[in-house]
Amino acid sequence: MASRPTEPRSCDTFVALPPATVGSRVFFGKNSDRPCDEVQEIVYFPAASHKAGDKLECTYIEIEQAAKTYAVVLSRPSWLWGAEMGANEHGVCIGNEAVWGREEVCDNEALLGMDLLRLGLERADTAENALTVMVDLLEKYGQGGNCMESHMAFTYHNSFLIADRKEAWVLETSGKYWAAEKIEEGVRNISNQLSITTKIDREHPKMRDYAKSKGWWDGEKEFDFAAVYSYVNTARMTTSRGRYCEGYKLLNKHKGNITSEIMMEILRDKESGINMEGGFMTTGSMVSILPQEPNLPCIHFFTGTPDPDRSVFKPFIFVPNITQLLKTSSPTFGHDDPVKKKPRFLTKPDRRHELYKQHESAAVVMETFKEKGKEMLEQIRKLEKEKINKMESILQNRCLDVNQAVNLFSQCVEEEINTYCLRV
């Protein structure tokens, strides 16, 4: 069994719904905090139909394929099948977190939480349907396996924040047991701890009985999921200093005025620890605009590079015939990939994609040559602002040029790379 790390290393995921937001929109955001040398790629997979009996190879195990899968855009560690965060063509967004509690984490290879996330996006057209897909798969296949590209085991349970144009759900797991909370307005965040307390809108049918059998709950007190299944003092969750609390405070500070730019600002916040630095750091970030009006497009911004404070949030919109995202896609190694061979992770190939390489060089300039670095940062922020304004114009004018949207993300990647190349 793998034990909980001394200092939990996780991520932060946020959602804001009216009336906490500007306009009739839902905003979703996530920082993915991973090992500092891990490459995160942005990849797109179109919708597809599959034959009866088809199998699907996830990170470690094979499962039954669905008859139909929806188009998805993912930000994922490039060595695995699943994703840290992403969206689908129906405006469903999901981010996951590592969580620990009383239940031991199983080392056996099963579905990773990141696999469950991608499966939810591929197979569901609403947030609640994604939740159903994920808990059904959790029941059937379980969760487990090394979550790091290393012979050192790093394993955990998972929590998820699932959002669509109308509502959001928090899904938190402990082994195969789970609880879910529905969010219909205001703000909510999740981090590296269980956070569902007494408001439980859906749950594993045997979750309470299992807690009683383990002696965690006497069956008489009001059932508090986080308190029962972990070691969290839920009365102090929003006041004790920690990532969950800091994220909660940042969201509430801007309540009523939250926009995509405010969400980006929260993800860039280093003082709170939300923008993480060190051996584990923020290796990728995502912000999504989900208009409640169904005729308006959802817009998803991804960095595809470490440290959002010196990265560009680049827009992506689902339209037919999207250009493949070549410069944010890592090299593939097929059956020769060390992840596929047993024992796993004996070697680690170079998984850097083109944008990652250019950003890596630019980061050296920013750290070494302060004036040049400042100028470069101003240029990439100017590029980002231009894209944000353009996306706002699309939403305000209700006019989307599909032919331009096909290349939207890829074109912005090119412009970002050109900015780096001109100044490195």
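These lines cover the structure that appears in this document, whether it is placed above or below.

Reading the values: the criteria
- Residues numbered from 1 in each chain as written.
- Predicted model: local features only at pLDDT ≥ 70, side-chain atom pairs only at ≥ 80, totals over all residues.
- Heavy atoms only, no water.
- Pairing = 2+ DSSP bridges.
- Helix = DSSP H or I, 4+ residues; strand = E, 2+ residues; numbered from the N terminus.
- Contact = heavy atoms within 4.5 Å.
- Axes fitted to C-alpha atoms, helices over the stretch in contact; angles between N-to-C directions.
- Expected span 1.5 Å × (residues − 1).
- Buried < 20%, exposed > 50% of the residue type's maximum accessible area, 1.4 Å probe, protein only.
- Lys, Arg positive; Asp, Glu negative; His and termini not counted.
- Salt bridge = Lys/Arg side-chain N within 4 Å of Asp/Glu carboxyl O.
- Polar contact = N/O pair within 3.5 Å; in protein donor to acceptor, adjacent residues only side chain to side chain.
- Parallel < 35°, antiparallel > 145°, perpendicular 65-115°, else oblique.
- Left-handed = near helix turned anticlockwise from the far one by under 90°.
- Nonpolar A, V, L, I, M, F, W, Y, C, P; charged D, E, K, R; others polar.
- Core = buried A, V, L, I, M, F, W, Y, C linked by side-chain atoms within 4.5 Å.

Structural notes on the sheet that holds strand β3 (residues 40-45)
Here is step 1: Strand order in this open sheet of 8 strands is β3-β8-β9-β10-β11-β12-β13-β15, and the pairing throughout is antiparallel. Every other strand in the sheet has two partners, leaving β3 and β15 (202-203) as the edge strands with one partner each.
Here is step 2: Its contacts with the sheet put helix α2 (residues 127-141) on β10 (93-99), β11 (157-163), β12 (168-174), β13 (177-183) and β15, and the angle it makes with β12 is roughly 15°.

What to know about helix α7 (residues 354-368)
Here is step 1: The end-to-end C-alpha distance of α7 is 22 Å, a good match for the 21 Å that 15 residues give at a rise of 1.5 Å each.
Here is step 2: Every buried residue belonging to α7 is among L355, Y356, Q358, H359, A362, A363, V365 and M366, and all of these are buried.

What to know about the side chain of R165
Here is step 1: Note on placement: R165 falls in the loop between β11 and β12.
Here is step 2: The buried charged residue R165 lacks any salt bridge partner; its closest oppositely charged side chain belongs to D164, at an N-O distance of 8.0 Å.
Here is step 3: Only 2.8 Å separates the side chain of R165 from the backbone oxygen of P291, close enough to count as a polar contact.
Here is step 4: Engagement of the side chain of R165 in a polar contact is seen with the backbone oxygen of L296, the distance being 2.8 Å.

Points about the pattern of salt bridges
Here is step 1: Enumeration according to the criterion identifies 33 salt bridges in this entry.
Here is step 2: Between D12 and R243 there is a salt bridge, with its nearest N and O atoms 2.7 Å apart. A residue pair is termed long-range when its members are at least 10 positions apart, and D12 in strand β1 (residues 12-17) and R243 in helix α5 (residues 243-253) qualify at 231 residues. The two residues D12 and R243 agree in class, both being buried.
Here is step 3: Through salt bridges that share partners, K270, E277, D307, R310 and E367 make up one connected network.

Details of the environment of P77
Here is step 1: For P77, the position within the fold is in strand β8 (residues 72-77).
Here is step 2: Distance from P77 to W100, taken between C-alpha atoms, is 21 Å for residues 23 residues apart in sequence.
Here is step 3: Residues within four places of P77 in sequence aside, it is in contact with R34, E38, V39, Q40, E84 and M114.

Some words on the packing of helix α1 (residues 113-123) against α2
Here is step 1: The geometry of α1 relative to α2 is characterised by a closest axis approach of 8 Å and an angle of 135° between their N-to-C directions. Comparing the axis directions of α1 and α2 gives the class oblique. Remark: the crossing between α1 and α2 carries right-handed chirality. Within the contact between the two elements, α1 uses L116, L117, L119, G120 and R123 and α2 uses A130, V133, M134, L137 and L138.
Here is step 2: For the contact of α1 with α2, the class distribution of residues is 8 nonpolar, 1 polar and 1 charged.

So, the environment of E167
Here is step 1: When you line up the elements, E167 lands in the loop between β11 and β12.
Here is step 2: On the basis of relative accessible area, E167 is assigned to the buried category, the value being 14%.
Here is step 3: When near neighbours in sequence (up to four residues on either side) are disregarded, E167 contacts L17, A127, E128, I162, K182 and I183.
Here is step 4: There is a polar contact of 2.9 Å between the side chain of E167 and the side chain of W169.

With respect to the nonpolar core
Here is step 1: One finds F223, F225, Y229 and F301 to be the most contacted residues of the largest nonpolar core, which totals 83 residues.
Here is step 2: A total of 7 residues in this core trace back to one element, the largest contributor, which is helix α8 (residues 370-397).
Here is step 3: When sequence neighbours within four positions are dropped, the list of residues in contact with F301 reads M264, S285, M286, V287, I289, F313, K314, P315, I388 and M391.
Here is step 4: Formed by 47 residues, the second largest nonpolar core is a distinct cluster that contains C58, W79, L112 and I162.

Looking at the sheet that holds strand β16 (residues 280-291)
Here is step 1: The strand order β14-β1-β2-β16-β17-β18 describes an open sheet built from 6 strands, whose pairing is antiparallel. Of all strands in the sheet, those bounded by a partner on one side alone are β14 (186-190) and β18 (314-316). Between one strand axis and the next, the sheet turns by 15° as a mean value, whatever way the strands run.
Here is step 2: Pairing between strand β17 (residues 299-302) and β18: 3 bridges, direction antiparallel. Looking across to β18, one finds that F301 is bridged to P315.

Side note on unusual backbone geometry
Here is step 1: With omega at 5°, the peptide bond leading from P18 into P19 counts as cis.
Here is step 2: Its place among the elements puts P19 in the loop between β1 and β2 (25-35).
Here is step 3: A cis amide bond links K342 to the next residue, P343, at an omega of -5°.
Here is step 4: The backbone phi angle of N321 is positive, close to 60°, even though this residue is not glycine.
Here is step 5: Relative to the elements of secondary structure, N321 occurs in the loop between β18 and α7.
Here is step 6: Unusually for a residue other than glycine, F345 sits at a positive phi of about 65°.

Describing the packing of helix α6 (residues 260-267) against α8
Here is step 1: At a closest axis distance of 11 Å, the pairing of α6 and α8 adopts a crossing angle of 145°. Contacts between α6 and α8 involve S260, E261 and M264 from the first element and E384, K385 and I388 from the second.
Here is step 2: Here the contact of α6 with α8 is composed, by residue class, of 2 nonpolar, 1 polar and 3 charged.

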